[in-house]
Amino acid sequence: MKFGTKALHAGIEPEPITGAIMTPIFQTSTYVQEGLGKHKGYEYARTQNPTRTVLEKNLAALENGQYGLCFASGMAATDAVGKLLKTGDEIIACDDLYGGTYRIFTKVFESFGIHTKFVSMEDPASISAHITPQTKLIWAETPTNPLLNLIDIEAVAKVAKQHGVMLCVDNTFASPYLQNPLDWGADIVMHSATKYLGGHSDVVMGALITNREDLHQRLAFIQNACGAVPSPNDCFLVLRGIKTLHIRMDRHSENGRAVAQYLSQHPKVGKVYWIGLPTHKNHAIALKQMRNFGGMVSFTLKEDTMQNAQRVMESFEVFALGESLGGVESLCTHPATMTHASIPKEQREKNGLKDTLIRLSVGIEDVEDLIADLAQAIG
Ligand SMILES: *Cc1c(COP(=O)(O)O)cnc(C)c1O
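So, how was this worked out
Residue numbers here run from 1 along each chain, matching the order of that chain's written sequence. Given that this is a predicted model, residues contribute local features only at a pLDDT of at least 70 and side-chain atom pairs are listed and counted only at 80 or more, while totals for whole chains, interfaces and linings are drawn from all residues. Note: side-chain values were computed over all heavy atoms of the structure, leaving out hydrogens and water. Computed over the protein atoms alone on a 1 Å grid, cavities are sets of points where a 1.4 Å probe fits but cannot get out and pockets are open sets with protein on both sides within 12 Å along at least five of seven lines; a residue lines them when it has an atom within 4 Å of a point. Grid points are joined across faces, edges and corners, and a volume is the space filled by probe spheres set on the points. Amino acids are sorted into nonpolar (Ala, Val, Leu, Ile, Met, Phe, Trp, Tyr, Cys and Pro), charged (Asp, Glu, Lys and Arg) and polar (every other residue, Gly among them). An automatic or database domain assignment supplies the residue ranges for each domain. Residue exposure (1.4 Å probe, protein chains only): buried if accessible area is under 20% of the type maximum, exposed if over 50%, otherwise partly exposed. Segments assigned H or I by DSSP are reported as helices when at least four residues long, segments assigned E as strands when at least two residues long, and all are numbered from the N terminus. For two strands to be treated as a pair, DSSP must find at least two bridges joining them. In this scheme Phe, Tyr and Trp rings, the latter by its six-membered ring, pair at centre separations within 6.5 Å, and the angle between planes marks the pair as stacked below 30 degrees, edge-to-face above 60, and tilted otherwise. By definition, residues are in contact when any of their heavy atoms lie within 4.5 Å. Fitted lines through C-alpha atoms serve as axes, helices being fitted only where they are in contact, and the angles separating the N-to-C directions of these axes extend from 0 to 180 degrees. Here a salt bridge means any side-chain nitrogen of Lys or Arg lying within 4 Å of a carboxyl oxygen belonging to Asp or Glu. Polar contact criterion, stated in full: a pair of N or O atoms within 3.5 Å, where within protein one must be able to donate a hydrogen and the other to accept it, and residues adjacent in sequence count only if both atoms are side-chain atoms. Here a residue is considered near a molecule or strand provided that any single heavy atom belonging to it is located within 4 Å of it.

## Section: empty space enclosed by the protein
All told, the structure shown has four cavities of 30 Å³ or more when counted by the stated rule. Of the pockets and cavities examined, the largest cavity occupies roughly 50 Å³. Lining the largest cavity, in full, are Pro143, Leu148, Phe173, Ala174, Ile275, Met290, Phe293, Gly294, Gly295 and Met296. Its residues placed into classes, the lining of the largest cavity shows eight nonpolar, two polar and no charged. Counting contributing residues, the lining of the largest cavity receives three or more from each of domain 1 (3-242) and domain 2 (245-378).

Rendered as structure tokens:
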């Protein structure tokens, strides 16, 4: 089955009593059992919920994985991966990370004696030098947020395999439509389903997908034991969002291209970051592991002052100023004070993230209106 067909049908059956084509929202906390130990596979709704089960199967299919698990948020999914580790273990993470991921690694896992080294993964072979017998997890995010650097997943997976370390890839920015990390050798794919998977800015959720039964068993145990599960209603919303993922991503990519091209030739714009531009430093990796380039575009202004960046961000009329990304409507984010405020300024600047960088999540509006909005805001 091809992607669009899987998005609509994988793991989804008509409801058996009525034939309802939409997966029902099983808003229940428990299930009546016929006798002691006699039940239909559902005992308690933290452990299993039919709406969630359908979504988990669907997500697994979209990532070409065997097993999917959903969590109350992207961070709860990341937390579950961290709980595969124990005191004394180490993580190697890429140095250009989502702020919340940096925060959980440095402020939560660290206090349980799990240390994270943040390294550049631009040259995957160089990761080997950081691996010790304590290294249990490599964490990569590609494309990265907000600088849109790319990491060669296949090359990092090779290093991970050589050293017997598991690799988890945060695939939030790409979505399964643009990139499938398991196909390149990753052990676990993580998603913030809050973003492109949900796609309508109305839900917070996370997911993990794997092909490894051992990892799935342990993660399912953690999901139930720690209990950060999503509500059945939220599972319904993400299932509905996924039905249009492929057409939304095509439009995000198309609009992303037009916006990046417009900004690239604008006399008042400084640097433009969009992975589909042939001038992007990692464009070759994008061509290798991605099917299209998405709607995330970051840029700076030639007059590179905070005052000027703020003026532009506050002048948008169609692009809404706010955190998050991946929804149908266009958003403008200021990473330094919003998504990446939890990373110290010194560390941000070391990673090349200037306080004046503006990040756009290009939505699926008519692109002429988006370009006109950029034109009037930049002035
Ligand atoms: C939003 C996001 C997360 C965290 O997900 P939540 O659903 O907000 O908890 C993790 N990684 C990336 C790349 C994100 O954009």
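## Focus: the pairing of strand S4 (residues 135-141)
Most of S4 is tucked away: six of the seven residues are buried. Sheet analysis places strand S2 (residues 90-94) next to S4, joined by four bridges and oriented parallel. From the neighbouring strand, isoleucine 92 faces S4, where its bridge partner is isoleucine 138. Strand direction decides the pairing type here: S4 and strand S5 (residues 166-170), joined by five bridges, are parallel. Of the residues in S5, the one forming a bridge with alanine 140 is valine 169.

## Quick word on the packing of aromatic side chains
Using the criterion set out here, one finds seven aromatic pairs in the structure. With a centroid separation of 5.8 Å and 85° between ring planes, the pair formed by tryptophan 274 and phenylalanine 293 is classed as edge-to-face. In this pair, tryptophan 274 sits in the loop between strand S8 (269-273) and helix H10 (283-289) while phenylalanine 293 sits in the loop between H10 and strand S9 (296-301), placing the two residues 19 residues apart along the sequence. This pair shows no difference in class: tryptophan 274 is buried, exactly as phenylalanine 293 is. Here the aromatic residues Phe105, Phe109 and Trp139 are joined through ring pairs into a cluster of three or more.

## With respect to the sheet that holds S8
Strands sit in the order S8-S9-S12-S11-S10 across an open sheet of five strands; the sheet is mixed. The open sheet has two free edges, formed respectively by S8 and strand S10 (320-321), since each of these has just one partner strand. Each of S8, S9 and strand S12 (358-361) is contacted by helix H9 (residues 245-264), which is oriented at about 15° to S9, the strand it contacts most.

## A short note on the pattern of salt bridges
Any two side chains of opposite charge can pair if their charged atoms end up close together. Applying the stated criterion to the full structure yields 16 salt bridges. Of the charged contacts, one joins lysine 136 and aspartate 89 as a salt bridge, the two residues approaching to 3.2 Å between their closest N and O atoms. Within this pair, whereas lysine 136 is found in strand S4, its partner aspartate 89 is found in the loop between helix H3 (74-82) and S2, the two being separated by 47 residues in sequence. Arginine 212 serves as the salt-bridge partner of aspartate 187, at 3.2 Å between the closest nitrogen and oxygen. Of this pair, aspartate 187 sits in the loop between helix H6 (175-178) and strand S6 (188-192) while arginine 212 sits in the loop between strand S7 (206-210) and helix H7 (213-226), and the two are 25 residues apart along the sequence. Judged by relative accessible area, arginine 212 falls into the partly exposed class, the value being 32%.

## A few points about the side chain of histidine 280
Its location among the elements puts histidine 280 in the loop between S8 and H10. On the basis of relative accessible area, histidine 280 is assigned to the buried category, the value being 10%. There is a polar contact of 2.7 Å between the side chain of histidine 280 and the backbone oxygen of leucine 148.

## Some remarks on the site of the ligand
Every one of the 14 residues lining the ligand counts as a neighbour, but Met75, Asp170, Ser192, Thr194 and Lys195 are closest to it. Here methionine 75 contributes a backbone N or O atom positioned 2.9 Å from an oxygen atom of the ligand. Taking threonine 194, its side chain carries an N or O atom lying 2.6 Å from an oxygen atom of the ligand. Sorting the residues of the shell around the ligand by element identifies H3 and S6 as the ones contributing at least two each.

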